[in-house]
Amino acid sequence: MTVRDVYVIGVGITSFTRLEYPLSEIAAYPAMMAMKDAGTRDIDHLYVANMGGGRVNHQTGLASAVVDTLSLTPAGAETIENGPASGGSAVKTGYMAVASGLHDTVMVTGAERMREVNNLEATDFVATLTHPLAEHIYGVTLPSLAAMFTRLYMEKYGVTERHLAMVAVKNQNAALRNEFAHLQQEISIDGILDSPEAMTNNPYVAELLRFFDCCPVSDGGACVILASEEVAGKVDRPLVRLAGVGQASDTHAVHEREDPTDLLAVRRAAAMAFERAGLTPADVDVAELHDAFTILEIVESEECGFFPKGEGHLALERGETALGGKLPINVSGGLKGRGHPVGATGVAQAYEIVHQLRGEAGERQVDGARVGFTCNFGGFGNNVVCLVFKREN
Amino acid sequence: MPVDLEKILRPVDNPMPPFPAKHMKVASGEEMVIRQVTRDEIPSILPHVAPLVWVERDFYDVVAARVYAELLAFYAHRMQDEYVLVAQIDGELCAVVNGRMVNKDVGMSLHTLAMRRGLRIGAHAFAAKMEYHMDILGQKEVLIVAESPIGFRRWMIEYNLEKRFDIAHELGGVPSWALTKELFDRARDTLVVGRRPVPDELLAKAAAAILPPSDPPTPPEDLLAATRARYDPTGTALVLQRWKQEGKV
Amino acid sequence: MPREIYAYKCKKCGHVHYPYRMVCRNCGKNEHNEFEPVPLPKTGKLLTFTTLYSLPPDFEVPSLGLAIVALENGITVTGQHRIDEPETGMAVSVEVEIVRRDGYDEHYGMVFYKA
Ligand SMILES: CC(C)(COP(=O)(O)OP(=O)(O)OC[C@H]1O[C@@H](n2cnc3c(N)ncnc32)[C@H](O)[C@@H]1OP(=O)(O)O)[C@@H](O)C(=O)NCCC(=O)NCCS
Ligand SMILES: [Zn+2]
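Presented here is an overview of the structure given in this document.

Rules used in this analysis
Each chain carries its own residue numbering, running from 1 in the direction its sequence is written. Here the convention is simple: chains get letters from A, ligands get numbers from 1, in the order in which they are written. Local features are withheld for residues below a pLDDT of 70 in this predicted model, meaning they are given only at 70 or higher, and side-chain atom pairs are given and counted only at 80 or more; totals for whole chains, interfaces and linings count all residues. For side-chain calculations, the full set of non-hydrogen atoms in the structure is used, while hydrogens and water are omitted. Starting at the N terminus, helices and strands are each numbered in turn, a helix being any DSSP run of H or I of at least four residues and a strand any DSSP run of E of at least two. Two things to know: the radius of gyration comes from C-alpha atoms, and the globule rule equals 2.2 Å times the number of residues to the power 0.38. Partly exposed residues are those whose accessible area sits between 20% and 50% of the maximum for their type, while under 20% is buried and over 50% is exposed, using a 1.4 Å probe and protein chains only. In what follows, residue pairs with any heavy atoms lying within 4.5 Å of each other are defined as contacts. Like-charged residues within 9 Å of one another, or nonpolar side chains (Val, Leu, Ile, Met, Phe, Trp, Tyr) within 5 Å, are grouped into patches, provided each residue has over 30% relative accessible area and no salt bridge. Each accessible area is a Shrake-Rupley result for a 1.4 Å probe, and residues are judged covered by the shown protein chains and nothing else. Think of a salt bridge as a Lys or Arg side-chain nitrogen and an Asp or Glu carboxyl oxygen that are within 4 Å of each other. A 2.8 Å cut-off from the metal defines N, O and S donors, relaxed to 3.2 Å for Na, K and Ca; water is not in the atom list, so some sites may appear incomplete. Square planar and octahedral sites, with four and six donors, are those where opposite donors lie more than 155 degrees apart and all other angles lie between 65 and 115, tetrahedral sites have four donors with every angle between 85 and 135 degrees, and the rest are irregular. Each aromatic pair joins two rings of Phe, Tyr and Trp (for Trp, the six-membered one) with centres within 6.5 Å, and gets the label stacked for planes under 30 degrees apart, edge-to-face for over 60, and tilted for any other angle. Angular values range over 0 to 180 degrees, each being the angle between N-to-C directions of two axes fitted as lines to C-alpha atoms, with helices fitted over their stretch in contact. With respect to orientation, any angle under 35 degrees is reported as roughly parallel, any angle over 145 as roughly antiparallel, any angle of 65 to 115 as roughly perpendicular, and every other angle as oblique. The sense of a crossing depends on the near helix, which, turned anticlockwise from the far helix by less than a right angle, makes the crossing left-handed and, turned clockwise, makes it right-handed. When we say a residue is near a molecule or strand, we mean one of its heavy atoms is within 4 Å of it. Under this definition, polar contacts are N or O atom pairs within 3.5 Å; protein pairs additionally need one hydrogen-donor-capable and one acceptor-capable atom, and for neighbouring residues in sequence, both atoms have to be side-chain atoms. Charged residues are taken to be Asp, Glu, Lys and Arg, nonpolar residues to be Ala, Val, Leu, Ile, Met, Phe, Trp, Tyr, Cys and Pro, and polar residues to be all remaining types, Gly included. Among the buried residues, those of types Ala, Val, Leu, Ile, Met, Phe, Trp, Tyr and Cys that are joined through side-chain atoms within 4.5 Å form a nonpolar core. A strand pair is defined by DSSP finding two or more bridges across the two strands. A clockwise course of the path from the first strand over the helix to the second, judged with the strands pointing away from the viewer, identifies a crossover as right-handed.

A look at the overall build of chain A
Helix and strand counts for chain A stand at 15 helices and 11 strands. For chain A, the C-alpha radius of gyration of 19 Å lies close to 21 Å, the compact-globule estimate for 393 residues. Along the first, second and third principal axes, the C-alpha atoms of chain A reach 60 × 45 × 40 Å. Looking at chain A residue by residue over its 393 residues, the buried ones come to 70%. Across chain A, every contact between residues at least 6 apart in sequence was considered, and the portion connecting residues at least 24 apart equals 76%.

As for a nonpolar patch on the surface
Residues and elements named next belong to chain B. Nonpolar side chains collect at one region of the surface, where Val3, Leu5, Ile8 and Leu9 lie side by side and expose about 430 Å² of accessible area between them. Structurally, Leu9 can be placed in helix 1 (residues 5–9). Residue Leu9 is classed as partly exposed on the basis of its relative accessible area, which comes to 48%.

Overview of the coordination of the zinc ion (ligand 2)
Residue and element names in this part refer to chain C. For the zinc ion (ligand 2), every protein donor is listed as Cys10 (SG), Cys13 (SG), Cys24 (SG) and Cys27 (SG), and the spread of their distances is 2.3 to 2.4 Å. Coordination geometry of the zinc ion (ligand 2): the four donor atoms subtend angles of 104 to 112° at the metal centre, consistent with an arrangement described as tetrahedral. Here the donor residues of the zinc ion (ligand 2) share one chain and are spaced in sequence as C-x2-C-x10-C-x2-C. Of this pair, Cys10 sits in strand 1 (residues 6–10) while Cys24 sits in the loop between strand 2 (16–17) and strand 3 (35–39), placing them 14 residues apart in sequence. On the basis of relative accessibility, which here comes to 3%, the residue Cys10 falls in the buried class.

Comments concerning the packing of aromatic side chains
One pass over the full model with this rule turns up 17 aromatic pairs over all chains. With centroids separated by 4.7 Å and ring planes inclined at 40°, the aromatic side chains of Tyr153 of chain A and Tyr157 of chain A adopt a geometry described as tilted. Taken together, the residues span about one helical turn, with Tyr153 of chain A and Tyr157 of chain A both in helix 6 (residues 142–157) at a distance of four residues. Geometrically, the ring pair formed by Tyr8 of chain C and Tyr20 of chain C is edge-to-face, given 5.0 Å between the ring centres and 70° between the ring planes. Residue Tyr8 of chain C is located in strand 1, and its partner Tyr20 of chain C is located in the loop between strand 2 and strand 3; the two are separated by 12 residues in the primary sequence. Feature note: the residues Phe149, Tyr153, Tyr157, Phe377 and Phe380 of chain A constitute an aromatic cluster, connected by ring pairs.

Notes on the packing of helix 6 of chain A against helix 12 (residues 294–303) of chain A
All names here are of chain A. At a closest axis distance of 10 Å, the pairing of helix 6 and helix 12 adopts a crossing angle of 60°. Judged on the interaxial angle alone, helix 12 and helix 6 are oblique. As helix 6 runs across helix 12, the sense of the crossing is left-handed. Residue-level inspection shows Ala146, Phe149, Thr150 and Tyr153 of helix 6 in contact with helix 12, the latter providing Ile295, Val299 and Glu302.

Focus: the site of ligand 1
If you check the shell around ligand 1, you find 31 residues, and the closest are Arg115, His182 and Cys214 of chain A together with Gly122 and Arg154 of chain B. At ligand 1, the nearby residues belong to more than one chain, namely chains A and B. Within the side chain of Arg115 of chain A, an N or O atom sits 2.6 Å from an oxygen atom of ligand 1. Its free accessible area being 950 Å², ligand 1 has 92% of it covered by the protein chains. Of all the elements in the fold, those that place two or more residues in the shell around ligand 1 are helix 3 (60–75), strand 5 (106–114), helix 4 (121–136) and helix 5 (149–157) of chain B. For the shell around ligand 1, a count of residues per class yields 17 nonpolar, six polar and eight charged.

Thoughts on the nonpolar core
The biggest cluster of nonpolar side chains holds 95 residues, and the ones touching the most others in it are Phe306, Phe373 and Phe380 of chain A together with Tyr18 of chain C. With eight residues, helix 6 of chain A is the largest single contributor of residues to this core. Counting 39 residues, the second largest nonpolar core, distinct from the first, contains Ala49, Ala99, Val245 and Ala348 of chain A.

Brief notes about the pairing of strand 5 of chain B
Residues and elements named next belong to chain B. Of all nine residues that make up strand 5, nine are buried, and the element is covered over most of its length. Of the strand pairs in this sheet, strand 4 (residues 92–101) and strand 5 are connected by seven bridges, and their pairing is antiparallel. Among the inter-strand pairings, Met101 is bridged to a residue of strand 5, identified as Gly107. If you look at the hairpin formed by strand 4 and strand 5, you'll find four residues sitting between the two strands. By the bridge criterion, three bridges tie strand 5 to strand 6 (residues 141–144) in an arrangement that is parallel. Bridge pairing in strand 6 places Met108 opposite Leu143. Following the backbone out of strand 5, through helix 4 and into the adjacent parallel strand 6, one traces a crossover that is right-handed.

Following this line, the structure appears as structure tokens:
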């Protein structure tokens with residue numbers, strides 16, 4: 001089958017914070033920004049990524065609301081729900097639509113409004129993606145799965161709480177250079193790990209994982225517009241190609257995994273995305289990984305092939321993953337600093353990479369970035385989407 | 001002889017030992033001082049509480065309005081046995097907490113208002129006020145309520161407070177929760193921190209002036225946005241706000 | 001009557017699954033395999049654990065012990081633990097108790113104790 005090349009012609013985003021307007025507008029606002037960016041309103045189809053509209057905001061069929069809000073009817077539109085990987089899934093679906101020749105220009109917009117309810121309810125809403133009978137009934141939440149995973153990882157590979165704190169400080173402080181990021185408050189290793197008050201400043205959420213190891217609960221939206229080569233050629237923007245997509249799944253219940261310290265779905269999705277792009281992890285200049293919990297950035301950096309298994313924390317120690325390092329990871333702040341409106345995150349990662357590859361990232365620009373990578377992690381690693389982007393001109 | 005009405009209206013405060021100031025490092029690495037303020041300092045706090053009355057989120061509006069009233073009442077001698085603590089970083093006002101002595105054994109926690117977010121400053125300030133009731137005033141229990149879900153999580157859940165639902169709290173008459181000495185002792189190691197004495201220079205800086213908060217919570221551009229988003233499903237009332245964000249107006 | 005949590009043994013190849021799924025992971029073709037429910041063993045080894053302090057709103061406790069245990073027959077399961085000083089690798093026993101109340105519904109599940 002011939003597959004057409006797919007380009008990103010427009011991007012948009014909202015601030016990730018608490019947004020006091022309706023979910024459909026959180027999806028529509030970045031879409032308007034993206035259409036302005038691309039200089040076109042010629043959209044054949046919309047994919048709207050969202051996880052909790054039905055449960056948290058009592059709004060279902062979001063895509064129909066968004067397409068109408070934007071007056072883009074009669075373009076086709078659908079909502080895509082794939083847990084916290086909804087965003088990545090929607091981008092991948094948009095890719096398929098253009099690559100297959102079904103559509104020439106598609107809009108992928110992701111949005112979530114989780115702050116309409118309080119934090120406890122928001123955590124509980126995300127926890128509904130765990131196995132209903134084998135996990136959820138016990139009170140299992142995502143932080144608790146991440147915490148149990150962290151303990152195993154520490155025992156096996158020598159990762160310490162200090163490494164986790166280093167990721168937290170790196171990403172939360174990186175967010176200070178991102179005007180759209182949720183957290184705009186600097187933190188220091190001293191304040192969250194070493195000072196006599198640190199353990200109170202940074203208490204356990206689930207033992208071995210602390211408050212500053214977790215991403216905040218945010219509202220937000222992000223959008224990318226994907227198009228065929230022919231359409232992209234007419235748009236006066238730096239040319240960024242969505243070069244590869246990959247997706248893989250793993251057992252629903254975390255305990256069933258043969259080696260519980262492996263994130264096989266990440267490994268497979270990344271390998272697939274690289275293969276499709278004809279590139280390797282060594283080609284990547286900038287990456288956005290799914291650091292909903294600090295441990296995940298370390299482990300994903302290994303599973304995606306950037307560092308050998310069990311050595312991600314050493315690369316972190318050497319500063320290789322910071323801005324200015326060999327492979328800057330999450331210079332946007334990541335989920336930790338930018339925030340994590342679940343359905344929007346995968347699209348926001350793509351937004352950041354496109355921004356970087358276009359050379360428009362300002363203060364947080366990774367110099368000369370030509371290849372970018374995203375990993376959007378759904379469930380606790382049971383549904384993962386990876387994307388590879390390449391600057392073409 | 002004329003009646004001294006003021007004498008009748010003005011409550012007679014019971015003696016309350018002062019809260020010894022303490023300092024701590026917050027998550028940003030900055031040093032924060034928590035200290036008790038005197039009546040004279042109230043006018044320099046009020047202007048920083050007032051704008052929060054318009055912050056229609058996290059119950060900042062309700063809490064700020066009540067705090068304003070309580071501070072004013074304290075200043076004007078219209079509230080009995082009240083105390084006010086502030087948290088400051090580099091002189092900058094970060095949080096205000098207040099409370100009252102109901103009697104020798106029972107304290108009434110009034111409010112916690114954080115002006116800088118994301119550093120658990122509110123939690124530290126709340127812990128200091130519990131410390132004041134338990135360790136300095138030597139009380140047996142403190143009655144507490146929460147106006148906001150985040151407050152509920154910080155106080156009721158983190159301290160595992162006991163229900164005292166038969167007692168109506170002074171704030172709105174809602175059912176009370178209580179921190180007992182035993183619960184406080186259990187929370188002490190994990191929730192109550194700080195070092196004493198505060199180095200002279202640090203304390204002098206804090207006492208010299210209560211500086212305005214540098215990044216206080218602010219209201220959304222359209223004051224009623226939150227409310228309208230709830231009740232106006234078409235969202236048309238928000239157009240103005242969106243235009244503002246787009247730079248159209 | 002003591003309650004049991006069941007694992008599911010494939011009637012074709014004997015592979016034991018927990019939780020239930022419709023097609024065997026081991027021999028599964030595109031057909032709905034038949035499984036025989038087998039009670040999960042009552043002893044095992046602690047693989048990993050946590051104490052969760054940020055609980056879903058329906059739990060009226062300040063914290064909750066959660067763990068993953070490798071049972072005697074090699075099946076791993078998630079459950080709650082009530083162990084004061086847990087350590088990875090320690091032997092645990094399993095009880096089936098109420099683990100969550102949801103309105104009027106009571107959910108039974110596995111609770112691990114020090115063996
Ligand atoms: C309740 C209150 C005192 C708590 O203060 P606190 O302990 O300092 O709590 P914080 O402000 O640090 O916590 C919330 C902030 O933490 C930050 N945060 C949340 N998750 C985070 C994470 N994973 N990593 C880093 N930062 C995070 C966010 O910035 C969040 O602010 P946001 O809600 O605007 O996004 C304070 O919120 C307040 O004054 N509220 C209004 C009045 C009130 O409700 N008083 C209590 C009445 S009972
Ligand atoms: Zn079988």
